[in-house]
Structure formats: C-alpha cells, structure tokens
Amino acid sequence: MDTGDSASADDQYSAVYDSAEFQALQRRSNGFIVWVSVLFYGWWFVGISLAAFVPGVFRQGIGGPLNVGMLFLVLSFVLVAAVSLAYMRFASKRLDPAGEAIRMDLEGGLR
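Just so it is clear, the model here is predicted, and its values are computed rather than measured.

Attention shifts here to the environment of G99. Summarising the element assignment, G99 is placed in helix α3 (residues 68-107). It is 11 Å that separates the C-alpha atoms of G99 and R28, two residues lying 71 residues apart in sequence.

Moving on: a nonpolar patch on the surface. Residues I62, L66, M70, L71, V74, L75 and V78 make up a contiguous nonpolar surface patch of roughly 550 Å² in combined accessible area. With five residues, α3 is the largest single contributor of residues to the nonpolar patch. The residue I62 is located in strand β1 (residues 61-63) in this model. I62 sits in the partly exposed class, given a relative accessible area of 46%.

With that settled, the discussion passes to the pattern of salt bridges. This model, assessed by the stated rule, comprises two salt bridges. Between R103 and E107 there is a salt bridge, with its nearest N and O atoms 2.4 Å apart. With R103 and E107 both in helix α3 and four residues apart, this pair spans about one turn of that helix. On the basis of relative accessibility, which here comes to 19%, the residue R103 falls in the buried class. Members of the salt-bridge network, linked through shared partners, are E100, R103 and E107.

This paragraph deals with the packing of aromatic side chains. Throughout the structure, instances matching the rule amount to seven aromatic pairs. Arranged with centres 4.6 Å apart and planes meeting at 15°, the rings of F32 and F90 form a pair that is stacked. Of the two residues, F32 is situated in helix α2 (residues 20-53) and F90 in helix α3; the sequence distance between them amounts to 58 residues. For F32, a relative accessible area of 18% translates into the label buried. Among the residues examined, F90 registers a relative accessible area of 16% and is labelled buried. When the centroid spacing of 5.5 Å and the interplanar angle of 45° are considered together, the rings of F58 and F72 count as tilted. Of this pair, F58 sits in the loop between α2 and β1 while F72 sits in helix α3, and the two are 14 residues apart along the sequence.

Analysis parameters
- Residues numbered from 1 in each chain as written.
- Predicted model: local features only at pLDDT ≥ 70, side-chain atom pairs only at ≥ 80, totals over all residues.
- Heavy atoms only, no water.
- Helix = DSSP H or I, 4+ residues; strand = E, 2+ residues; numbered from the N terminus.
- Patch = residues over 30% accessible without salt bridge, like charges linked within 9 Å, V, L, I, M, F, W, Y side chains within 5 Å.
- Areas by Shrake-Rupley, 256 points an atom, 1.4 Å probe, with all protein chains shown as cover.
- Salt bridge = Lys/Arg side-chain N within 4 Å of Asp/Glu carboxyl O.
- Buried < 20%, exposed > 50% of the residue type's maximum accessible area, 1.4 Å probe, protein only.
- Phe/Tyr/Trp six-rings, centres within 6.5 Å; stacked < 30°, edge-to-face > 60°.

These figures capture arrangement, not role.
So this is what it looks like as structure tokens:
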C-alpha cells in the first residue's frame, strides 16, 4: 500500500468534512438531536422532580389498577417510539438525500 494514496484519501475526506454541504448536513442532524434531547430529558426531569418532591402524585389512581406512575412509564415508551419514528422520517427526507449526494461526490458515482 502506497502512503501517497493514503495521504490523498485523507485530504479528500478532510475536504469533504470542511465542505459547506457536509457542514449543513451536520447542522441539520445536530439541530434535530438537540431539540429531541431537550424534549426527552425534560420529560424525565419532570418525572424525577415529581417523584422526589411530590411523591404522592405517582400514587394517584386513574382507574382500576392504573395509577399516574404507570401512565408516566407507558407514556415514556410512547415518547421513545414517537422520537424514533420522527427521526426515521426526518432522516429519510432531510439527511439521507444530502448524505447520498456527498457520498456520490466523494466516490465519484461508483455505486
């Protein structure tokens, strides 16, 4: 293996990393991740705060054997599923086309 090819590939990947298209793709991805993280961690912060400072809230019955604590847990799973679906939709519409264009430029349309 020739080290000249490796240096050339490193320069090529560095150029892609520094390109405006890649930076825009990274900003789009990070923007989504930040907002979803705020939503998710905010949800858990509310739950932990309620459990720590108002512990009786989770013990309140809703109907039958269901109480607020169990509802909170079920809604947490729903939140995870909703975030996963939202990310898959966001990625397929906004991230994947831009990433594919960058890959095609990098590989020269080899695929």
